Structure formats: structure tokens, C-alpha cells
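The residues making up each chain are set out below.
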Amino acid sequence: MKIDFNADKPIYIQLAEEIEDAVLSGAYEEEAQIPSTTEISVSYKINPATALKGINLLVDSGIVYKKRGLGMFVSSNAKEKISDKRRVAFFDAYITSLVSEAKKLSITKEDIIKMLERGFDK
Amino acid sequence: MSYIELKNITKTFGNTVALDNLSLELEQNKIYGLLGRNGAGKTTLLNLITNKLFPTEGEILIDGDSVIENDRPLSKVYFMTEKNFYPDTMTIKSAFKWGREFYPDFDEDYAVRLSEKFSLKIEKKIKSLSTGYKSIFKIVMALSCNTPVILLDEPVLGLDANHRDLFYKELLQSYSEKPRTIIISTHLIEEAADIIEDVIVIKNGRIIMKDSVENVLSQGCCVSGSAAAVDKFTAGKNILGYDALGGLKTAYLLEEIETQAVPEGLEVSKLDLQKLFIYMTNS
């Protein structure tokens, strides 16, 4: 996992996204335990309150849950939840910036569609 | 509820006003970053909290008790400072033994374990240590004393990158296990930015900012583009400073900007704590 401390996003959001990525890639399997707030805080050198805030985002969206006295675990349908959430955000996250950069460079819609086809064929 | 309270503190040295009617409330079990340029009054502030200096005016309370000539609140605070208060001939090992005399909850086993992690040889005399290892010795003392408050004045002075990394990790580990009120005064802002929860910026003996790092960062931003467009967009906003390179201009703001409100051709990006500090305390 990697956090970019210079990125425009707050660290706790980056942390939540990193853990989501790890769930999607299978690094943290469903029903497996994720690192504790302390472990995250120490290994990234971030304040425990920041780490907790990131984890709480995942709790709120049902991606991880707390087992009392044991720690935090990945929910059984976490992968599906993350994909669903990210599909909704896909337009804002990728298409908007793609179109804006394309306009700056005078790349047409047709050019982009051709590039997309090339990308998918790769 | 605030744990440490400074009420209208003024401290003068002759004609110099070091702290100017400063009030500050600190909560329990938070990590604070105390930032300020050289001579801003950081160390004076820490010396006042620990009764090493008396305020000219005002009052300081720890957990409701005045700190002036009062052992009870002072036993709750460990002050790691640049100055060395240990006798020259004392070994590190005996300093650990003595630690318990002054701080009843001093954890000697932990002190020894932490020394090993830093490869600090505890048979050595304190005066024989290099600058870096003097800092390490003081770090070990500070983290082992288990007081409710730890004041760290330039804790990483002379530490190499590996030891700084280890220090931040051990600090967070120790803080997670035993939450305490920690104040870190440092010039290495970039390194401490993610460790601290709240930031206090002091300038010319006054506090010019006290807020959570998260809030501060969500407000600070830089807007860059052509000089005319930047000036037009930032007019009337809270501008901390400018940079210009030819016709390109960057304005540093302390104000939240809605991305939708930004005209085309202007780029808005985040301002990190160090840059923000520099622009707030320049001039």
C-alpha cells in the first residue's frame, strides 16, 4: 500500500481507498482481518485519529466491520460493494478529467473513442 | 475539557516581549504541533508551562492546578529540551534508575528496549554522546516516563533519517498504547505534519493559528495561471502570498475553494502544511 502525502486528497480518504484496492486485488480477502488502527498509524507514520477516520469510512459503507475485542474484518460482500460504489464514481473520477484534458489538447471525441478501442484491444 | 490552560500570558525579558497576552487551551491525549520561526516564542512557552520561567503576567493551569512552584502539576509533565539537566558523569543506565525517582510511572524495561532499537549503549556516560545520540537519550527518557503530558522541543535534532523514522514510529506506537498529551515543537514540519492532530502557529509571541491539521489543509490552496486571471479570481480572498514566474502567477490562499467555481485556465492544488506555514509567517 502506498499513500501519496502530496496528493490533493486527504490522507484518511487515500487510506480508505488503499484498503479498498487491497480488498479488490484479494490482498485482504473477505472475512479476513485488516491491520489495526495502531498498526496503520505506525507503519504510515500518521496520527491514529487519521487512521481511525479512514477505517470509519469503510465501516460506514459496510466494507469492513468490527468484531468486538478482535479487530476489523472485511465484510463478506465487500468486493461487490466497492465495485458498485466505484462504478457510480467512475464518470466523475475518470471521464470528466479525460474530457477536460482532451479539450485542452484539441483531441476530438472520435479520437478518444479510437484510443479507447485501442486500449481495450491491448 | 482543556487539560493545559494558558490565560493571558505575557512574558518579557527586559524590553523584549517574548509572549504577548497569549491564551491557549490544550485538550488531553492529543498530539499538538507547535510551529514558529526562530525566536517566535516556542521554547519560552514550553519553559513557562514547566515553571522553568515565570510569566510576567497571566496564569498557567495543568488539570486545574497552577504550575507556579507546585509539584503536583509539574510531576504530570515531562519536558524534553535542548538543555541537558543530567550530571555530566552520569551513565544512561543510572539515568534510567533515577527516572523512577522523579517520575513514579517511569518504565525502565521499556527504556532499555527502546535504547536497543536505537543502538544506544546504556553503559555510556551522557556527556560522551554525540548530538544525535543525546537527542535519542532524551527521546527514550520522554517516552519512558509515562507522564500525562510530554513536551518535545526539537526532538529530532541531529538524528539521521533512519532514526527520525524510528522515532516517529515509536512515538505513535507508544501514543496508541498509552494516549498522552504531546506537544512537539519542530522546524521539520513536513515530517511531523501527518503525526500531529492539531497545529499551533506562533509568531512574534502571539498565536496566529490553532486548528486541526485536517481543517487547515482543507482551507489552504494554491491557485495558479496567468497573472491577470489569478488576480481577478483571488480578489477579496484571504491571500497569504504570491509567487510569480514570468506571466505565470501562483496565489497561496487560506480559504476553501469550490472546484466548480474555478474558471477554466486556472489550476487549483493543495497547499501542504510547510508551505502554508512559510507564507503565514513570512515578513
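Residues numbered from 1 in each chain as written. Chains lettered and ligands numbered in written order. Predicted model: local features only at pLDDT ≥ 70, side-chain atom pairs only at ≥ 80, totals over all residues. Heavy atoms only, no water.

Visitor: Looking at this model, I keep getting lost on the domain arrangement of chain B. Mind explaining?
Guide: Accessible area lost on assembly of the parts is the figure often given for the size of an interface. All names here are of chain B. Partitioning chain B into domains gives domain 1 (2-213) and domain 2 (219-281). Computed from C-alpha coordinates alone, the two centres of domain 1 and domain 2 are separated by 35 Å. Listed as interface residues are 12 residues of domain 1 and, on the opposing side, seven residues of domain 2. Interface area, domain 1 with domain 2, both sides summed: about 970 Å², of which 76% is carbon and sulfur. Considering only the surface of domain 1 that becomes buried against domain 2, Arg 37, Ile 189 and Met 209 emerge as the three largest contributors, covering 43% of it. (Domains from an automatic or database assignment. Contact = heavy atoms within 4.5 Å. Buried area = accessible area lost by both parts, 1.4 Å probe.)

Visitor: Explanation requested: the pairing of strand β3 (residues 31-36) of chain B in the structure shown.
Guide: Successive residues of a regular strand alternate their side chains across the two faces of the sheet. All names here are of chain B. For β3, the buried fraction is high: six of the six residues fall into the buried class. Side chains Ile 31, Gly 33 and Leu 35 project from β3 onto one buried face, and the interleaved Tyr 32, Leu 34 and Gly 36 project onto a second face that is buried too. The pairing of β3 with strand β8 (residues 181-185) spans four bridges and is parallel. Note that in β8 the partner of Gly 33 across the bridge is Ile 184. In this sheet, strand β9 (residues 198-203) lies alongside β3 in parallel orientation, the contact comprising five bridges. When the sheet's bridge partners are listed, Gly 33 is paired in β9 with Val 199. (Buried < 20%, exposed > 50% of the residue type's maximum accessible area, 1.4 Å probe, protein only. Helix = DSSP H or I, 4+ residues; strand = E, 2+ residues; numbered from the N terminus. Pairing = 2+ DSSP bridges.)

Visitor: Please explain the pattern of salt bridges as it appears in this structure.
Guide: Oppositely charged side chains may form a pair once their charged atoms are brought near each other. Residue and element names in this part refer to chain A. The full count for this structure, using the stated rule, is 21 salt bridges over all chains. Glu 20 serves as the salt-bridge partner of Lys 85, at 2.3 Å between the closest nitrogen and oxygen. In this pair, Lys 85 sits in helix α4 (residues 78-104) while Glu 20 sits in helix α1 (residues 11-25), placing the two residues 65 residues apart along the sequence. The class of Glu 20 is buried, set by a relative accessible area of 4%. With a shortest N-O distance of 3.6 Å, Glu 101 and Lys 104 are connected by a salt bridge. Taken together, the positions of Glu 101 and Lys 104, both in helix α4 and three residues apart, correspond to about one turn of that helix. Relative accessible area serves as the criterion here: at 40%, Glu 101 is assigned to the partly exposed category. A network of salt bridges, in which partner residues are shared, links Glu 20, Asp 21, Lys 85 and Arg 86. (Salt bridge = Lys/Arg side-chain N within 4 Å of Asp/Glu carboxyl O.)

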